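Summary of the model geometry
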Amino acid sequence: MKDRNAYHEYADNLRTHPEFGPLSDDDIEKVISTMKIKRYHRGQVLFDQGDSRANFYYLIDGVVKSFHWDEDGEEQLYLYIRQDKAFPYIGLFDDDNYAYTVESMTEVKLAEIPMSVYEEVLQNTPELMVNAIREMSRIINMAETQLQKMVTTSAKCRVWNAIWFLGQQIGDDQEDGTILVPYPMTLVELSKVSGTTRETTSQMVQQLVKENKIQYNRKYFKILVRDETST
């Protein structure tokens, strides 16, 4: 990174986050000296499932989604990742290839760090390793819970659970107790998460709006009921 002002700005920023905070000054310099700042438009693929696992990413701004393809070529959602989070944690020190695809859901700005550099500083920093293990556990628990909640024949429950998980993953708590998902989410996208058709998703969203459980305005969801079992 040639711009020294930008260098100090990113160094100070990285120190405030668990993914990098425990690093020494030397390791922070090692990370930033090899780091590239990139921008992606909505709908661009950062990497594909099966690509060589070359980089670790820190999301500065925006939202991405991670998913994998099943044996039938169907998209299976893994999770959404919002700003100030890093990825991928799955496969550290082990896998040669990415286990899933990551696609931008909004305009995205991120830091791209060579995986070899990140794994080196991670291996040399026990506190950072603990943080990484905690984050992996959080991701696995969330994915397992989501899978369990989606095993239901009720379309309404599936759509509600999908909206609830959106709120948990990328939503912002509001002062009035509601949860706002501050990123546009189309019904087509929600149908992929819930495993229902676009038409069914639309009908269930309308029902949830009538029941005053959610608001859906100009592709933005607000969750009005803080009870994941409310349906």
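In the block above lies the structure referred to throughout.
The paragraphs below set out a description of the structure included in this document. (Residues numbered from 1 in each chain as written. Predicted model: local features only at pLDDT ≥ 70, side-chain atom pairs only at ≥ 80, totals over all residues. Heavy atoms only, no water.)

1. Quick notes on the pairing of strand β8 (residues 108-114)
Of all 7 residues in β8, 6 are buried, a share of seventy percent or more. Inspection of the sheet shows strand β3 (residues 55-61) paired to β8 by 6 bridges, in the antiparallel sense. Its bridge partner lying in β8, Tyr 58 is registered against Ala 111. (Buried < 20%, exposed > 50% of the residue type's maximum accessible area, 1.4 Å probe, protein only. Helix = DSSP H or I, 4+ residues; strand = E, 2+ residues; numbered from the N terminus. Pairing = 2+ DSSP bridges.)

2. Topic: the nonpolar core
The biggest cluster of nonpolar side chains holds 39 residues, and the ones touching the most others in it are Phe 20, Phe 87 and Tyr 118. Tyr 80, Trp 164, Ile 170 and Val 181 belong to the second-largest nonpolar core, a separate cluster that totals 24 residues. (Core = buried A, V, L, I, M, F, W, Y, C linked by side-chain atoms within 4.5 Å.)

3. Some points on the sheet that holds strand β6 (residues 86-87)
Spatially, the 4 strands line up as an open sheet ordered β1-β8-β3-β6, and their pairing is antiparallel. This sheet does not close on itself; its edge strands, each paired only once, are β1 (36-40) and β6. Pairing geometry for β1 and β8, over 5 bridges, is antiparallel. By the bridge assignment, Ile 37 is partnered in β8 with Ala 111. Across the sheet, helix α3 (residues 115-123) is in contact with β3 and β8; its angle to β8 comes to roughly 70 degrees. (Contact = heavy atoms within 4.5 Å. Axes fitted to C-alpha atoms, helices over the stretch in contact; angles between N-to-C directions.)

4. Re the packing of aromatic side chains
Under the criterion given, the structure shown has 11 aromatic pairs. Measuring from centroid to centroid gives 6.1 Å for Phe 20 and Tyr 118, while their planes differ by 75 degrees, and the two rings are edge-to-face. Of this pair, Phe 20 sits in the loop between α1 (4-14) and α2 (25-34) while Tyr 118 sits in helix α3, placing them 98 residues apart in sequence. An identical accessibility class is assigned to Phe 20 and Tyr 118; each is buried. Ring geometry for Trp 160 and Trp 164: centres 6.2 Å apart, planes at 35 degrees, overall tilted. (Phe/Tyr/Trp six-rings, centres within 6.5 Å; stacked < 30°, edge-to-face > 60°.)

5. With respect to the environment of Lys 213
Tracing the backbone through its elements, the reader meets Lys 213 in the loop between α7 (198-210) and β11 (214-217). Residues Lys 213 and Ile 81, spaced 132 residues apart in sequence, show a C-alpha to C-alpha distance of 24 Å.

6. Things to note about unusual backbone geometry
Across the junction of Phe 87 and Pro 88, the peptide omega takes the value -5 degrees, indicating a cis bond. Mapped onto the fold, Pro 88 is located in the loop between β6 and β7 (101-104). Residue Asp 84 is not a glycine yet carries a positive backbone phi of 70 degrees. Tracing the chain through its elements places Asp 84 in the loop between β5 (75-82) and β6. Take Asp 84: its relative accessible area is 31%, and that puts it in the partly exposed class.

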